[in-house]
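# Structure assessment
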Amino acid sequence: MARFFEDGVVLSAERNALLQSKLRKQFTFMEFVLAVVLSFLCFWDCFYFTGFHIRYDSFYVALVFGPILCGLVVAGTLAIVMSRYFRQERKSIRMWLVVFTMTAIGTVLGCIFGEATYFENILKHYTYEDMASYTNIDPSGDQGGAFMDAGRVYFKEGTYVPDYRALAFKNMDIYCIAPIIRQPLDSSVEASATISGFTLPPSGTIDWWAVGTNCCGEDGNSFTCGSVANGKARSGLRLLDETAQKNYLIAVQEWVGTTGLPARHPLFFTWTVDPYSDMKDLYTNAWSSFWRTLMLYSICAVFGTFFFMVFFQYVKVY
């Protein structure tokens, strides 16, 4: 049990007990609201600044007005707690200890959710916006090396994904690939050259690929990646995941070794009906998740504050 001082003199046991009894009741409704509101604001601030467009435009602005600002709030509440504890003032530290705990939780969780939202949705959205969009691409005649900056691609009519030509590479997950073509790859079609029974397209390379993870069998059969089953699909949204690209590249190399057809500058896409809509969905989903999470956290902040009030009182922190 803490002992209190007045003008450097230790208070009597009776006065000390009376003072502690008074401190047990010092946590008012307004102090409860303060803890909830500060925790919520720290969560909102870190979530917003680490997870949305400000970070994409300026990382340091987002860092200062997000985690650093909230970190200062957390440090300030901790300083109040430590000051009251070491000076043994006749004031309750429990309220500020609860505020410190809840603001720290809000800051940490806000950064975690912000990071997840940024890399899962916002970064991809703005990256696609900065990349080029191409229409009327002919996968049989256009080489991938000329479209390395492509983000959204709309192929010419007649383009399709021959799922029966798919192949897979397994590395924990199954990385599925299938060529995007306009003419069959079998040698029955007149073409510029034939290699190992397959037709070489006019471009001289197979550079356009539809890909997906865990959407086919281990040997590439039952390829259902993206919108392959949708007859209206004739577009691609560029794959941005560099780690996945390495695995897809290995799969392409296996495919090249099997067919004998070259793939000089392979580009990987999610096969889709409308890549522009898919790009916008990333942004919309991020904001929808943001508002849902804020509502959920506001409820959790209320219960969390109440829990720590009871907990610190139970362990006799006044």
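Residues numbered from 1 in each chain as written. Predicted model: local features only at pLDDT ≥ 70, side-chain atom pairs only at ≥ 80, totals over all residues. Heavy atoms only, no water.

### What to know about the pattern of salt bridges
Across all of its chains, the model carries four salt bridges by this definition. Of the charged contacts, one joins Glu115 and Arg55 as a salt bridge, the two residues approaching to 2.4 Å between their closest N and O atoms. You can see Glu115 sitting in helix α5 (residues 94-130) and its partner Arg55 sitting in helix α3 (residues 53-57), a full 60 residues away along the chain. The class of Glu115 is partly exposed, set by a relative accessible area of 32%. The buried category is assigned to Arg55, whose relative accessible area is 12%. (Salt bridge = Lys/Arg side-chain N within 4 Å of Asp/Glu carboxyl O. Helix = DSSP H or I, 4+ residues; strand = E, 2+ residues; numbered from the N terminus. Buried < 20%, exposed > 50% of the residue type's maximum accessible area, 1.4 Å probe, protein only.)

### Considering the state of the cysteines
Scanning the entire structure with this criterion turns up two disulfides. Two residues share a disulfide in this structure: Cys176 and Cys216, whose sulfurs sit 2.0 Å from each other. Measuring handedness by torsion sign, the sulfur bridge of Cys176 and Cys216 sits at about -95 degrees and is left-handed. Placement of the pair is Cys176 in strand β6 (residues 173-179) and Cys216 in the loop between β9 (208-213) and β10 (235-238), with a sequence separation of 40 residues. Considered together, Cys176 and Cys216 belong to a single accessibility category, that of buried residues. Once the bonded cysteines of the protein chain are numbered in order along the sequence, the disulfide links fall as 1-3, 2-4. The thiol sulfur of Cys70 is not disulfide-bonded, and the nearest other cysteine sulfur, from Cys46, lies at 3.5 Å. (Disulfide = S-S within 2.5 Å.)

### What about helix α7 (residues 275-314)?
Given a rise of 1.5 Å per residue, 40 residues ought to cover 58 Å, and the 56 Å separating the end C-alpha atoms of α7 matches this to within 8%. Capping the start of α7 is the job of one residue whose side-chain oxygen sits 3.2 Å from the backbone nitrogen of Tyr276: Asp274. Positive phi appears at Lys316, one or two residues downstream of α7, with a value of about 65 degrees. (Expected span 1.5 Å × (residues − 1). Polar contact = N/O pair within 3.5 Å; in protein donor to acceptor, adjacent residues only side chain to side chain.)

### A look at the sheet that holds β6
In space, the seven strands of this open sheet follow the order β3-β4-β10-β11-β9-β6-β5, with mixed pairing throughout. Every interior strand has two partners, whereas the edge strands, β3 (132-137) and β5 (167-171), have only one. The average angle at which neighbouring strand axes cross in this sheet is 30 degrees, direction not considered. The pairing of β6 with β9 spans five bridges and is antiparallel. Looking at the pairing, Tyr175 lines up with Thr213 of β9. Sheet contacts for α7: β4 (150-155), β10 and β11 (267-272); angle to β4, the most-contacted strand, approximately 145 degrees. (Pairing = 2+ DSSP bridges. Axes fitted to C-alpha atoms, helices over the stretch in contact; angles between N-to-C directions. Contact = heavy atoms within 4.5 Å.)

### Quick look at the pairing of β5
Remember that side chains alternate between the two faces of the sheet whenever the strand is regular. Where β5 and β6 come together, five bridges link them in antiparallel fashion. Paired with Lys170 across the strands is Ile174, a residue of β6. Hairpin connection, β5 to β6: the antiparallel pair is bridged by one residue, and Met172 has positive phi, about 70 degrees.

### Quick notes on the packing of helix α4 (residues 59-87) against α5
Interaxial distance between α4 and α5 falls to 9 Å at its minimum, and their mutual angle equals 160 degrees. When the axis of α4 is compared with that of α5, the two are roughly antiparallel. Where α4 crosses over α5, the two elements pack in a sense that is left-handed. Where α4 approaches α5, its residues Pro67, Cys70, Val73, Val74, Thr77, Leu78, Ile80, Val81 and Arg84 are matched on the opposing element by Trp96, Leu97, Val99, Phe100, Thr103, Ala104, Thr107 and Cys111. Counted by class, the contact of α4 with α5 contains 13 nonpolar, three polar and one charged residues. (Parallel < 35°, antiparallel > 145°, perpendicular 65-115°, else oblique. Left-handed = near helix turned anticlockwise from the far one by under 90°. Nonpolar A, V, L, I, M, F, W, Y, C, P; charged D, E, K, R; others polar.)

### What about the UniProt feature "transmembrane region" (unreviewed entry) in the protein chain?
Look at the UniProt record and you will see "transmembrane region" (unreviewed entry) annotated at residues 32-54, 60-83, 95-119 and 294-315. Between the C-alpha atoms that bound residues 95-119 there is a distance of 36 Å. The span itself is 100% helix and 0% strand. (UniProt positions renumbered as here; feature names shortened; annotations may be inferred.)

### Re the layout of surface pockets
When its volume is computed, the largest pocket comes out at roughly 440 Å³. Lys124, Tyr128, Leu239, Leu240 and Asp241 are the residues nearest the centre of the largest pocket, which is lined by 19 residues in total. The element best represented in the lining of the largest pocket is α5, accounting for five residues. Three or more residues apiece are contributed to the lining of the largest pocket by two domains, here domain 1 (11-129 + 282-314) and domain 2 (134-183 + 197-273). (1 Å grid on protein atoms, 1.4 Å probe; cavity = no way out; pocket = protein on both sides within 12 Å on 5 of 7 lines; lining within 4 Å. Points joined across faces, edges and corners; volume = space filled by probe spheres on them. Domains from an automatic or database assignment.)

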